[in-house]
Amino acid sequence: MKYRRKLFAAKTMSGRDCPGLLAAAVKENVAYHRAHNPAYRRLLDGMGFDAAHFDRFSQLPFLTTAFLKGQDLNTKRSFYMAQSSGTSGKKSAVSYAPDDLPVLLKTAVHAMAQRGLFSPKPVNYVMLGYRYHRGNQAQTMRTAYLGTLMAPALRKRFALEWRDGAYQPRLEGLLEDLVKFSRSSFPCRILGFPSYLFFLLERMEERQIRLTMPAGSKILLGGGWKQFAQEEVEKAELYRLARERLGIAEEDIVEIFAAVEHPVIYCDCPRHHFHVPAYARVMIRDVHSLKPLPMGEPGLIHFVSPILKGSPVVSIMTDDIGVLHPGSACGCGDPAPFFTVLGRAGLSEIKTCVQGANEYAEGQL
Ligand SMILES: [Zn+2]
């Protein structure tokens, strides 16, 4: 995979966007999976896809995240399987080949270094999620655990502890931890789901608790809002509460976006936008016709990246609704387009549409 190697070389990753190289790496990736994965080959052949003649990313056949749930379409068996959290009951399992791991690591480091997340100074961690437990394979938890590797840990405290065979919430204990950490001379890092942070800040507001976390403290958010959609608040409200209750400024709040089926790590820019790196493309498709939409129009988010050898997830259509904007609309200086996630497709018409795309894919297998 020489084009993949070039695409994920440090120089290319931090340099200017190179669509020719990305297209070559995508072609190479599709050809690799086609040659080594009979199910994927049948799928491509059924769609009449000719890798030699594709010239636009929008022409790539896609798999949907909903289709991948409950399927084993992996190209390689690997020692590492990433699983989605499976909020709908079904889980996606995406296999990583051994030489996928250095690429994944490089992209994660590249994204996170841009927001200054690596620090030799030890920090106290507040994990707004589960304490890692062998029985729970959810990728969101593993990602949160990886989040604690960017700065050495003095102490780690969790919102959910495994007790008596189940996860028990401990928001009260967490509040006490925060008070303790606010008196420390080391920074604090709060990691996890935005919804948990909101609950925590709300509790603090109710009790008029106002803390000033040590200088250099940060909040890292990931995992989305999907389990608590009814509790979703505007991000601005969350930033206001974080400043008011913890003394953590908006620029020290970093949001991370990643999906099991598209394991490119996106870190938001200082203006909280997810810019698309040189090794990925994002398209927005109409929820009815699935046709690509121009920038600014909301639709289903379609990701392309030749990042994995373990699974043919080079072109993935999610059931997330989003919008793509030109880089210039952000103002942070990054010229790459950025996407905004508006939410999960919940309307029955959108479900029908995604379902239709799934049935179409299934028909090819
Ligand atoms: Zn930006």
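Just above sits the structure.
Residues numbered from 1 in each chain as written. Predicted model: local features only at pLDDT ≥ 70, side-chain atom pairs only at ≥ 80, totals over all residues. Heavy atoms only, no water.

(A) Structural context of the overall build of the chain. Summing up its helical and strand segments, the chain has 11 helices and 15 strands in all. Per-residue burial over the chain gives 52% buried out of 365 residues. Intrachain contacts of the chain at a sequence separation of at least 6 include 67% that bridge at least 24 residues. Accessible area for the chain stands at about 16,700 Å²; split by element, carbon and sulfur atoms hold 53% of it. (Helix = DSSP H or I, 4+ residues; strand = E, 2+ residues; numbered from the N terminus. Buried < 20%, exposed > 50% of the residue type's maximum accessible area, 1.4 Å probe, protein only. Contact = heavy atoms within 4.5 Å. Areas by Shrake-Rupley, 256 points an atom, 1.4 Å probe, with all protein chains shown as cover.)

(B) Expanded view of the coordination of the zinc ion. Binding of the zinc ion to the protein goes through C269 (SG), H275 (NE2), C330 (SG) and C332 (SG), at separations of 2.1 to 2.3 Å. One way to put it: the 4 donor atoms around the zinc ion meet at angles of 101 to 114 degrees, and that makes the site tetrahedral. Mapped onto the sequence, the residues coordinating the zinc ion show the spacing C-x5-H-x54-C-x1-C. In this structure C330 comes out as buried when scored by relative accessible area, which is 5%. We classify C332 as partly exposed; its relative accessible area is 30%. (Donors = N, O, S within 2.8 Å, 3.2 Å for Na, K, Ca; no water. Tetrahedral: all angles 85-135°; square planar, octahedral: opposite > 155°, others 65-115°.)

(C) Quick peek at the packing of aromatic side chains. For the structure on display, the rule yields 9 aromatic pairs. Consider the rings of F257 and Y266, whose centres lie 6.1 Å apart with planes at 65 degrees: the pair is edge-to-face. Of the two residues examined, F257 and Y266, each falls in the buried class. With centroids separated by 5.8 Å and ring planes inclined at 40 degrees, the aromatic side chains of F257 and F303 adopt a geometry described as tilted. You can see F257 sitting in strand β9 (residues 253-259) and its partner F303 sitting in strand β13 (residues 299-304), a full 46 residues away along the chain. Exposure remark for F257: the relative accessible area of 14% places this residue in the buried category. Relative accessible area serves as the criterion here: at 0%, F303 is assigned to the buried category. Taken together, F257, Y266, F274, F303 and F339 form an aromatic cluster joined through their ring pairs. (Phe/Tyr/Trp six-rings, centres within 6.5 Å; stacked < 30°, edge-to-face > 60°.)

(D) Summary view of the side chain of R170. Positionally, R170 belongs in the loop between β6 (166-169) and α8 (171-182). Overall, R170 belongs to the buried group, its relative accessible area being 19%. In contact with R170, not counting residues within four places along its chain, are R157, F158, A159, E161, R163 and D177.

(E) Inspection of the nonpolar core at higher detail. V26, V30, Y266, V282 and F339 are the most contacted members of the largest nonpolar core, which totals 45 residues. Counting residues per element, this core draws most heavily on helix α3 (residues 19-36), which supplies 5 residues. The residues contacting V26, other than those within four sequence positions of it, are F54, F57, L60, V304, P306 and V314. Counting residues in hydrophobic clusters, the runner-up holds 29 residues, among them A159, L160, F193 and A242. (Core = buried A, V, L, I, M, F, W, Y, C linked by side-chain atoms within 4.5 Å.)

(F) Region of interest: a nonpolar patch on the surface. On the surface, L105, V109 and F118 cluster together to form a nonpolar patch covering roughly 280 Å² of accessible area. Looking at the secondary structure, you find L105 in helix α6 (residues 100-113). For L105, a relative accessible area of 57% translates into the label exposed. (Patch = residues over 30% accessible without salt bridge, like charges linked within 9 Å, V, L, I, M, F, W, Y side chains within 5 Å. Salt bridge = Lys/Arg side-chain N within 4 Å of Asp/Glu carboxyl O.)

(G) Summary view of the pairing of β6. Summarising the sheet, strand β5 (residues 153-163) and β6 pair through 4 bridges and their orientation is antiparallel. The partner of R163 across the bridge, within β6, is A166. The hairpin formed by β5 and β6 contains 2 residues between the paired strands, and D164 there has a positive phi angle of roughly 50 degrees. (Pairing = 2+ DSSP bridges.)

(H) Expanded view of α3. For α3, built from 18 residues, the straight-helix expectation of 26 Å at 1.5 Å per residue is met to within 8% by its first-to-last C-alpha distance of 26 Å. Regarding α3, the residues found buried are L21, L22, A24, A25, V26, E28, N29, V30, Y32 and H33. As for α3, its buried residues are in contact with α1 (2-7), α2 (10-14), α4 (38-46), β12 (281-285) and β13. (Expected span 1.5 Å × (residues − 1).)

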